[in-house]
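Observations on the three-dimensional arrangement
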Amino acid sequence: MAARGPAPIEPASGTLTFLFTDIEGSTRLEQELGTAAYGSILERHRTLLRSVFAGHGGIEQGTEGDSFFVVFPSAADALAAAIEAQRSLANEAWEPPGTDVHVRMGLHAGEASLVGGSLVGLAINRAARISAAAHGGQIVVSDTVRSLVEAAPMAGIALRPLGNHRLKDLGEPQALLQVAADGLGTEFPPLRSIDARPNNLPTQLTSFVGRERELAEAGALLAANRLVTLTGPGGTGKTRLSLQVAAEAAESYPDGIFFVALETVRDPSLVASRLASAIGIVEAARRTIDETLRDWLQGKRVLFVLDNFEQVLDAGPIIADLLRAAPGLSVLATSRAPLRVSGEQEYPVPGLPTPPDRSQLSALELAQLPVSERTIDLAALTTYEAVRLFIARAGAVKPGFQVTNENAPAVAAICARLHGMPLAIELAAARVKLLPPDAILARLEKQLTLLAAGSRDLPERQQTLRGAIAWSYDILDEGSRLLLDRLSVFTGGIDLEAAEAICGPASELGVEVDDALLSLADQSLIRALERDREPRFEILETIREFAAERLAARGETDELAARHSAWFLAFTERLAPELGGSDQRGLLERLEAEHDNIRAVLDRATVAGDGNTAIRLGFAVWRFWQKRGHLYEARRRLEAMAAAPWSTTNPILRARLLEALGGVQWWQGDLAAMGPTYTAAVELWREIGDHSELANALYNYAFIFAVPDDPHGGREDLDPDGKGARALEEALAIYRDLGDGRGEANVLWGIGNAAFFANEPGSGVEEFRRSLELFRLVGDRTMEGWSLHMLGGALLRAGDAEAARSSMRHALRHFHGASDASGVTLVLGDLSSQALVDGDAPRAARIWGAAHNLVDATGAGLATLNEGWFEGTQAPPLRDALSKEDLEHFAREGAAMSLEEAVAYALDVPVSELGSHEEEPAAST
């Protein structure tokens, strides 16, 4: 961010403290008082603040409307000035009487550079964002300011921590503190940070530079229209602008802002599931994902940011239908072409404003200009947003980079020749690490001239962008070029291990992959992502397309696609057996990170009719789909495979496909569809003659008879012919003959389920206890949790409330620790019944409300099938224990809890202790 106006003398330390202020509710105040009265207040406010700031050594950098930007050589002086200013405002007798003027203030410290008479620095931008998060009368400071003033504490002043907050610049969370002193307010609402609203807006590693006009215009369009599409070719900065528009509008959408990346989606029918996944909801039983989305959106004010919609333009009607069904929904899309649906407001995103390019003028043309225009004024140059972006990105790769009288003409010419295209400017600026601006311009000019000669059918801005990419590509060494080309086979993200395996070893590439990846990131050709574990990278779609063309020209596309498919098939098959183990959460997160790459492999395999790859991968990944709420996509993909002729040629693969499909149908609660699927799988495994697989298929088949479609229906009719019981007996005999402890545990658990839902004597307690022991022996943490869940319910029915409570809470910790939201949902239902047995009906209603709220959020249709099984045993039904009004009241309180809050409430522990709370052994075991 650049500040215009007089600049302070830079202190020897190089660290300045920046103070931003503005009047809260100034527009409302002007409307209430009238322009004349408000004008008097504004002038008095300015007089008061200017006097205070000057008295503490502050140097005013600029005012705009009711705001101030002031720089102080010392953090202590800045803090003292802010406190005195707030006291002066509070003590002022404003006219007319009864008028209050509330000013918010934010302070941050850091370095800034003088460029053409203006201050430039990321710390300035951060200070402005801190001020915007504060409330009128409040002073908020960064942790940097705290560290500068704590060495010499000021009497009567305290800094109270407010926690870590993401500001509207979308950077990493920032520790913020509130200033407490005599004469200042103490109680304020939560900060206006991004975290104050539900959101998944991605963290940005670089600052948002410029675009003030576009930000204001697009924001105004979004305020007036429910569907706004930012259009333009790749590289114009549509995505970054959309994120900033969304961040600025956060307070208008109290129920959330959700970013949905669509660059990897090619099937329009998957758009709804991507939207639901961004929110954190999945398909519920007996309803499509579209219906679940509409239900969730009812009564909510939500903004979807849909990125790269050009990939799925045929999904435009889906968005239009959602907008019609949900009056509180707004959509901000980025696309190379408009959606062409009713109510859409298009906003073409221009290039950044650029300075005039005098580099191509002849001496005669230059001499004909007025004297004032023959040279570039540095102060004027830094007012151009394209130049400010170039300076910011150049400074990131070469600290201390500045525009000088000598390099200013070249910087101006680079920005002008690149038509203000942000991606092109970033690519050029990355070269400052190796070349001065004059050399960059010379090489860039040559590349753009060559491209223009052969690409006149492309729009000029697209020619320019391709030229910038081609130039950055051409000056790479051959090994790095080859690596970049091969990276184009990845979709959605690039893991170092996968890159090394798929793109080839150093002996094949001529470069070390890890070193070359970091070099490509330094040159803005790929981007490094922040991760807790090993490095991960992504490639922008525009550059990926360019690299894919080069890969095709090398004749390597098919070979790299085959490597990509083979690696991700092996990766997924390696992780699948471990999803029930102790590192379930971490493995699920790894699969989620690679989901787009897995989708790409599935897409290629199904189009090519490669059943070996498609079915093996679908079978390996279906548990991930179930646990992470991708059931709609799972069923669509698996049913499409099952309908394809190539899926019937190999009986073993066919049987595995049916097992995966039946599992998805079970989790969706579609028992009618599951029955034929599991029946066919049993028949196939009998024909194949694999006893272990047959036992597993029989175990699955038995679930057809274990749970009724109607939880309140007759229990005696679950398995009238004994087919389910005989299947479990046969499976158990096979597993015992094979010495398969895990298989035996599964079947014992299944027998317990049948006994429980049929309300047989004992309700499966002994089977659940035995299966629990076996699952612990083989290390299956997932089924250990499910055994504890069912054991708790059986013990509760048997009247052993204390043992039931221990088992249920143990199960809840299992599922919470594994990030298994479906399991959490079912166990909350258990603990609601437990509270009812304890005689605490309000608590039971709160947990019941939380569980029902999570049914839609997890898609755990099985939870609705479990309902009602405890009624009439140890306590009256919940609906009889409370009046209708009280039940609704307490259930609403529970539904308002987040998943973390609901788990903590059910366990009787603070939310902060969830992660550290050790699992207690179940007393019943």
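Only a predicted model underlies this, so the values are computations on that prediction, with no experimental measurement involved.

Definitions and limits used
Every chain is numbered independently, its residues counted from 1 as its sequence is written. For this predicted model, a pLDDT threshold of at least 70 governs which residues receive local features, and a threshold of 80 or more governs which side-chain atom pairs are given and counted, while totals over whole chains, interfaces and linings are taken from all residues. Note that water and hydrogens are dropped before the side-chain values are worked out from all heavy atoms of the structure. For the purposes of this entry, the term helix denotes a DSSP run of H or I that reaches at least four residues, the term strand denotes a run of E that reaches at least two, and both are numbered from the N terminus. Contact criterion: two residues are considered in contact whenever any of their non-hydrogen atoms come within 4.5 Å of each other. To be clear on the numbers: accessible area is Shrake-Rupley with a 1.4 Å probe, and residue cover counts the displayed protein chains and nothing else. At least two DSSP bridges between two strands are needed for those strands to be called paired. The convention used is that axes are lines fitted to C-alpha atoms, helices contributing only their stretch in contact, and that angles between N-to-C directions extend from 0 to 180 degrees. For each residue, the accessible area found with a 1.4 Å probe, counting protein chains only, is set against the maximum for its type, and the residue is called buried under 20%, exposed over 50%, and partly exposed in between. Aromatic pairing here means that ring centres of Phe, Tyr or Trp (its six-membered ring) are within 6.5 Å. Orientation follows from the plane angle: under 30 degrees is stacked, over 60 is edge-to-face, and everything else is tilted. Remark: a charge is flagged as sitting over a ring if the NZ atom of Lys or the CZ atom of Arg is within 6 Å of the ring centre and within 35 degrees of the ring normal. Nonpolar side chains (Val, Leu, Ile, Met, Phe, Trp, Tyr) within 5 Å and like charges within 9 Å form the patches, drawn only from residues with over 30% relative accessible area and no salt bridge. Whenever Lys or Arg places a side-chain nitrogen within 4 Å of a carboxyl oxygen from Asp or Glu, that contact is recorded as a salt bridge. Charged residues are defined here as Lys and Arg on the positive side and Asp and Glu on the negative side; His and the ends of the chain fall outside this count. Charge placement uses NZ in Lys and CZ in Arg. For Asp and Glu, CG and CD serve respectively. Only buried residues count toward a nonpolar core, which is a set of Ala, Val, Leu, Ile, Met, Phe, Trp, Tyr and Cys residues joined through side-chain atoms within 4.5 Å. Every angle not falling under 35 degrees, over 145, or within 65 to 115 is termed oblique; those three ranges are roughly parallel, roughly antiparallel and roughly perpendicular. Here a crossing is taken to be left-handed if its near helix is turned anticlockwise relative to the far helix by less than a right angle, and right-handed if that turn runs clockwise. When residues are sorted by character, Ala, Val, Leu, Ile, Met, Phe, Trp, Tyr, Cys and Pro go into the nonpolar class, Asp, Glu, Lys and Arg into the charged class, and all the rest, Gly among them, into the polar class. Multiply 1.5 Å by the residue count of a helix minus one, and that product is the helix's expected span. Values of pLDDT, which run from 0 to 100, indicate the predictor's confidence residue by residue.

**Some remarks on the overall build of the chain**
Summing up its helical and strand segments, the chain has 41 helices and 18 strands in all. Considering only intrachain contacts with a sequence separation of at least 6, the fraction spanning at least 24 residues in the chain is 73%. Of the roughly 37200 Å² of accessible surface on the chain, a fraction of 51% belongs to carbon and sulfur atoms.

**Side note on the sheet that holds strand E2 (residues 15–23)**
The strands making up a sheet associate through hydrogen bonds between their backbones, and the pairing can be parallel or antiparallel. Strands sit in the order E3-E4-E2-E5-E8-E10-E9 across an open sheet of 7 strands; the sheet is mixed. In this open sheet, the two edge strands, each paired with only one partner strand, are strand E3 (59–64) and strand E9 (157–165). The sheet shows a mean angle of 25° between the axes of neighbouring strands, taken without regard to direction. Strands in contact with helix H2 (residues 35–55) are E2, E3, strand E4 (67–72) and strand E5 (103–111); relative to E4, the strand with the most contacts, it is inclined by about 5°. The strands touched by helix H4 (residues 122–133) within the sheet are E2, E4, E5, strand E8 (139–142) and strand E10 (174–181), with E5 carrying the most contacts at an inclination of about 155°.

**Brief notes about helix H7 (residues 238–248)**
For H7, the buried fraction is high: 9 of the 11 residues fall into the buried class. Along H7, the residues classified as buried are Lys238, Arg240, Leu241, Ser242, Leu243, Gln244, Val245, Ala246 and Ala247. On its buried face, H7 is in contact with H4, helix H6 (212–224), strand E11 (227–231), strand E12 (257–261), strand E13 (302–307) and strand E14 (329–335).

**Some details on the packing of aromatic side chains**
In this structure the tally under the stated criterion is 19 aromatic pairs. With 6.5 Å between their ring centres and 55° between their planes, Phe258 and Phe304 make a pair best called tilted. Of the two residues, Phe258 is situated in strand E12 and Phe304 in strand E13; the sequence distance between them amounts to 46 residues. When sorted by exposure, Phe258 lands in the same class as Phe304, which is buried. A centroid spacing of 6.1 Å and a plane angle of 80° characterise the contact between Phe568 and Phe571, whose relative ring orientation is edge-to-face. Of the two residues, Phe568 and Phe571 both sit in helix H23 (residues 557–575), 3 residues apart, roughly one turn of that helix. Neither Phe568 nor Phe571 differs from the other in exposure class; each is buried. Joined through ring pairs, the aromatic side chains of Phe490, Trp567, Phe568 and Phe571 make up one cluster. When the ring centre of Phe756 is taken as origin, the NZ or CZ atom of Arg797, which lies over that ring, is 4.0 Å away.

**Comments concerning unusual backbone geometry**
Omega for the peptide link from Glu95 to Pro96 comes to 0°, which places this bond in the cis form. As for its placement among the helices and strands, Pro96 is situated in the loop between helix H3 (75–91) and E5. The backbone of Ser763 sits at a positive phi, close to 50°, despite the residue not being glycine. Tracing the chain through its elements places Ser763 in the loop between helix H32 (741–757) and helix H33 (765–778). Note on Ser763: relative accessible area 4%, which makes it buried. Here Asp908, not a glycine, exhibits a phi torsion of approximately 60°, which is positive. Among the secondary structure elements, Asp908 is positioned in the segment after helix H41 (899–907).

**What about a negative patch on the surface?**
Among the surface-exposed residues, Glu500, Glu512, Asp514 and Asp515 lie close enough to one another that they form a single negatively charged patch. Secondary-structure assignment places Asp514 in helix H21 (residues 513–522).

**Quick look at the sheet that holds strand E16 (residues 494–495)**
The sheet built from 3 strands is open, its strands ordered E16-E18-E17 with antiparallel pairing. This sheet does not close on itself; its edge strands, each paired only once, are E16 and strand E17 (527–529). Across 2 bridges, E16 lies against strand E18 (residues 536–538) in antiparallel orientation. Looking at E18, one finds that Ile494 is bridged to Phe537.

**What to know about the pattern of salt bridges**
With the rule as written, the count across this model stands at 50 salt bridges. Residues Arg104 and Asp22 are paired through a salt bridge, measuring 2.9 Å at the closest nitrogen-oxygen approach. With a gap of 82 residues between them, Arg104 in strand E5 and Asp22 in strand E2 connect regions that are remote in the sequence. The same class applies to Arg104 and to Asp22, which are both buried. For Glu773, the salt bridge identified is with Arg770, shortest N-O distance 3.2 Å. One end of the pair is Glu773 and the other is Arg770, both in helix H33 and 3 residues apart, which spans about a single turn. A residue is classified by how much of its surface remains accessible, and Glu773, at 42% relative accessible area, is partly exposed.

**A closer look at the nonpolar core**
Membership of the largest hydrophobic core comes to 165 residues, with the highest contact counts inside it found for Phe390 and Leu487. No other element matches the 9 residues that helix H28 (residues 651–667) contributes to this core. Residues contacting Leu487, with those up to four places away along its chain left out, are Ile494, Ala499, Cys503, Leu517, Leu520 and Ile526. Ile23, Ala82, Val103 and Leu107 belong to the second-largest nonpolar core, a separate cluster that totals 35 residues.

**Examining the environment of Phe568**
The buried category is assigned to Phe568, whose relative accessible area is 0%. Separated by 32 residues in the primary sequence, Phe568 and Ala600 have C-alpha atoms spaced 9.8 Å apart.

**Considerations on the packing of helix H31 (residues 723–738) against H32**
Direction vectors running N to C along H31 and H32 enclose 160°, while the axes themselves pass 9 Å from each other. In terms of orientation, H31 lies roughly antiparallel with respect to H32. Pair H31 / H32 crosses with left-handed handedness. Where H31 approaches H32, its residues Leu728, Ala731, Leu732, Tyr735 and Arg736 are matched on the opposing element by Gly743, Glu744, Val747, Leu748, Gly750 and Ile751. In the contact of H31 with H32, the residues fall into 7 nonpolar, 2 polar and 2 charged.

**Structural notes on H4**
With 12 residues, H4 extends 17 Å from end C-alpha to end C-alpha; this agrees with the ideal 16 Å at 1.5 Å per step. Among the 12 residues of H4, 9 are classified as buried, and the element is accordingly described as predominantly covered. When we look at burial in H4, the residues that qualify are Ala123, Ile124, Asn125, Arg126, Ala127, Arg129, Ile130, Ser131 and Ala133.

**Brief notes about the confidence of the model for the chain**
A residue-level look at the chain finds 87% of positions with pLDDT of 70 or above and a mean pLDDT of 84. By mean pLDDT, the top-scoring element of the chain is H23 (97), and the lowest-scoring one is strand E1 (residues 2–3) (44). In the predicted structure, residues 1–13 sits below a pLDDT of 50 and forms 36 contacts with residues beyond four places in sequence or in another chain. Considering only residues more than four positions removed or in separate chains, one finds that residues 916–925, a stretch of pLDDT under 50, has 26 contacts.

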